[in-house]
Amino acid sequence: MSKVLVIGAGGVSSVCVHKMAMNPGIFSEIHLASRTRAKCDAIAASVKERTGQTVSTYEIDAEEVPALTRLIQEIGPKLVVNLALPYQDLPIMDACLAAGVDYLDTANYEPKDEAKFEYKWQWAYQDRFKQAGLMALLGSGFDPGVTSVFAMWLKKHKLKTIRQLDILDCNGGDHGQAFATNFNPEINIREVTAPARHWENGQFVETPAMAKKVAFDFEAVGPKNMYMMYHEELESLAKFLPELERGRFWMTFGDAYITHLTVLQNVGMTRIDPVLYQGKEIVPLQFLAAVLPKPETLGPTTKGKTNIGDIATGEALDGSGEKTFYIYNICDHEDAYAETGNQAISYTTGVPAMIGAAMMLTGAWKGEGVFNMEEMDPDPFMAMLNTQGLPWQVKELAGPVDF
Ligand code: NDP
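Rules used throughout
- Residues numbered from 1 in each chain as written.
- Predicted model: local features only at pLDDT ≥ 70, side-chain atom pairs only at ≥ 80, totals over all residues.
- Domains from an automatic or database assignment.
- Contact = placed C-beta atoms within 7 Å.
- Helix = DSSP H or I, 4+ residues; strand = E, 2+ residues; numbered from the N terminus.
- Nonpolar A, V, L, I, M, F, W, Y, C, P; charged D, E, K, R; others polar.
- Near = placed C-beta within 6 Å.
- Axes fitted to C-alpha atoms, helices over the stretch in contact; angles between N-to-C directions.
- Parallel < 35°, antiparallel > 145°, perpendicular 65-115°, else oblique.
- Left-handed = near helix turned anticlockwise from the far one by under 90°.
- Buried ≥ 20, exposed ≤ 12 C-beta atoms within 10 Å, placed from the backbone.
- Pairing = 2+ DSSP bridges.
- Arc of directions from axis to C-beta.

Draft legend 1. Layout of the domain arrangement of the protein chain. Structurally, the protein chain comprises domain 1 (2-138) and domain 2 (146-343 + 391-397). The C-alpha centroid of domain 2 is placed 24 Å from the C-alpha centroid of domain 1. If you look at the interface, domain 1 gives 14 residues, while domain 2 gives 14 residues. Per-element accounting of the side of domain 1 that touches domain 2 gives the leading share, four residues, to helix α1 (residues 11-21). In terms of residue class, the side of domain 1 that touches domain 2 is made up of six nonpolar, six polar and two charged.

Take a look at the structure:
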């Protein structure tokens, strides 16, 4: 029985708060604060209608550390779950330290003026969390999050070492819009337009954005083109799987998405540096995000499934030589919408955020300092994925990937 404070009121937060309310034995009191209180109130109203549970709401700018610290102290939660944007990670960690409360997030810190998502800023909080006797859990979404837990589960139960790891993120959903992103457009486009990086023989190798394309036949979705790109869990996986020879991340995009993105890039609309417009500085990507469909409005129209998982090759634990396993989850957009009022991209992130919070609040995962998902026992988290709406399956493949 624990009190939790969630910060941010977008699609991921909406799913997470609904799922917390569906587990009142773990989350006895839910508080929700964000920049726009009306969005918190809308989530609270939906939660009340669907589950009968009450969510208390507040308005807060999470970048105002003293005000946020006061709010945390007033509420007195056992855990702060950060589901705002990556820019707010460090101020929220500062406020947690000041108020003496544990911390969890789903995406690593990114400075606003540079599309560079790295763990170094948050890993630098290690000593402060340790000295305060507090725990910070980083990246408890799907990717990062479940993809790292999948890898560690394979390492615990199937493979002695992981030599090669490919993370495959397929969204086979169709929202019926010409161009829209499934989560925050600014964060999504910064991620997709950044150069690709993959881990190979002890270092990151950089290649141009979206330059490597492979066709892959995804179960429950069908054949899709996927593109190699950089994703933040590669950094933590390379650290916690020291034997890893090659680690790559792939995401599917339809041709229409690529065409729109290419045009937007070519005309400068994805720039993140300020430009002068009618005497006022604006950031083109932020303006673009303001005119694109809001991800939370895509729920009612999105049909199809996501299929996200890991393919890992390494030496089998049972001594039977080299083996390759594929571990994945399939999630249905319409089912996610029916359960929580949000599409599967928010669902596949919000459910693992709730599970990570449950791990910390029940003491299944504990520690003092800053932790990545790879450092925790995968078993209780994997068990909850099965019972909380993201069941997974694992199968052996004939051999390593041929791409
Ligand atoms: P949204 O843009 O839908 O929601 C973000 C929320 O944060 C909004 O309610 C916004 O407020 C609020 N917010 C922004 N700035 C502040 C601030 N200064 N103070 C308080 N609140 C603020 O994003 P999503 O729900 O799609 O994503 C949430 C997080 O999840 C992001 O960090 C994203 O990167 C991460 N994510 C992780 C994934 C994973 O698998 N690990 C996958 C997808 C997303 P307002 O309503 O006023 O704009």
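Draft legend 2. Structural detail: the site of the ligand. Around the ligand, the structure places 33 residues, and the nearest of them are G8, G10, A62, G141 and F183. Ranked by residues supplied to the shell around the ligand, first place goes to α1 with three residues. In terms of residue class, the shell around the ligand is made up of 15 nonpolar, twelve polar and six charged. Built from parts of two domains, the shell around the ligand gets at least three residues from each of domain 1 (2-138) and domain 2 (146-343 + 391-397).

Draft legend 3. Main features of the packing of helix α7 (residues 146-157) against helix α14 (residues 378-387). For the pair α7 and α14, interaxial distance at closest approach is 9 Å and the crossing angle is 120°. By the angle between their axes, α7 is oblique relative to α14. For the element pair α7 and α14, the recorded crossing hand is left-handed. Facing α7, whose interface residues are V146, V149, M152, W153 and K156, α14 presents P378, F381, M382 and L385. Looking at side-chain class alone, the contact of α7 with α14 contains eight nonpolar, no polar and one charged residues.

Draft legend 4. Broad picture of the pairing of strand β15 (residues 305-315). Among the eleven residues of β15, ten are classified as buried, and the element is accordingly described as predominantly covered. Relative to β15, strand β7 (residues 164-171) is paired through eight bridges, and the arrangement is antiparallel. Note on β15: the bridge partner recorded for L165 is A312. As paired elements, β15 and strand β16 (residues 322-332) share eleven bridges and run antiparallel to each other. By the bridge assignment for β16, G309 is matched with Y328.

Draft legend 5. Summary view of helix α12 (residues 333-340). All of the buried residues in α12 are H333, A336, Y337 and T340. The arc enclosing the buried residues of α12, seen along the axis, measures out at 100°, which places them on a common side. Considering only its buried residues, α12 is in contact with α1, β15, β16 and α13 (344-362). In the segment just after α12, G341 is the residue with positive phi, at about 80°.

Draft legend 6. Structural view of the pairing of strand β6 (residues 135-138). Along β6, one buried face is formed by M135 and L137 and the opposite face, lined by A136 and L138, is buried too. Strand direction decides the pairing type here: strand β5 (residues 102-105) and β6, joined by two bridges, are parallel. Along β6, the bridge assignment pairs L104 with L137. Pairing between β6 and strand β17 (residues 369-372): four bridges, direction parallel. Note that in β17 the partner of M135 across the bridge is G369.

Draft legend 7. The arrangement of the environment of Q278 in detail. Here Q278 is to be found in the loop between β13 (275-277) and β14 (280-282). Taking C-alpha positions, Q278 is 37 Å from I43, a pair spaced 235 residues apart along the chain.

Draft legend 8. Summary view of the sheet that holds β5. With parallel pairing, seven strands are arranged side by side in an open sheet as β3-β2-β1-β4-β5-β6-β17. Edge positions in the open sheet fall to β3 (55-59) and β17, since each of these has one partner strand only. Geometrically, the sheet is characterised by an average inter-axis angle of 20° between neighbouring strands, direction not taken into account. Of the strand pairs in this sheet, strand β1 (residues 2-7) and strand β2 (residues 27-34) are connected by six bridges, and their pairing is parallel.

Draft legend 9. View of the packing of α13 against α14. Running from N to C, α13 and α14 cross one another at 135°; their axes reach a closest spacing of 10 Å. It follows from the interaxial angle that α13 and α14 lie oblique. Between α13 and α14 lies a crossing whose hand is right-handed. Every residue of α14 that contacts α13 at I355, A358 and M359 is listed here: P380, F381, M384 and L385. Each residue belonging to the contact of α13 with α14 can be placed in one class, and the counts come to seven nonpolar, no polar and no charged.

Draft legend 10. Focus on unusual backbone geometry. A cis amide bond links D143 with the next residue in sequence, P144, at an omega value of 10°. Topologically, P144 is positioned in the loop between β6 and α7. We note that M210 has phi near 55°; this positive angle belongs to a residue other than glycine. In this structure, M210 sits in the loop between β9 (203-207) and β10 (213-218). Since 19 C-beta atoms lie within 10 Å of it, M210 is described here as partly exposed. Although it is not a glycine, A220 adopts a positive phi angle of roughly 75°. Take A220: it is sitting in the loop between β10 and β11 (222-229).

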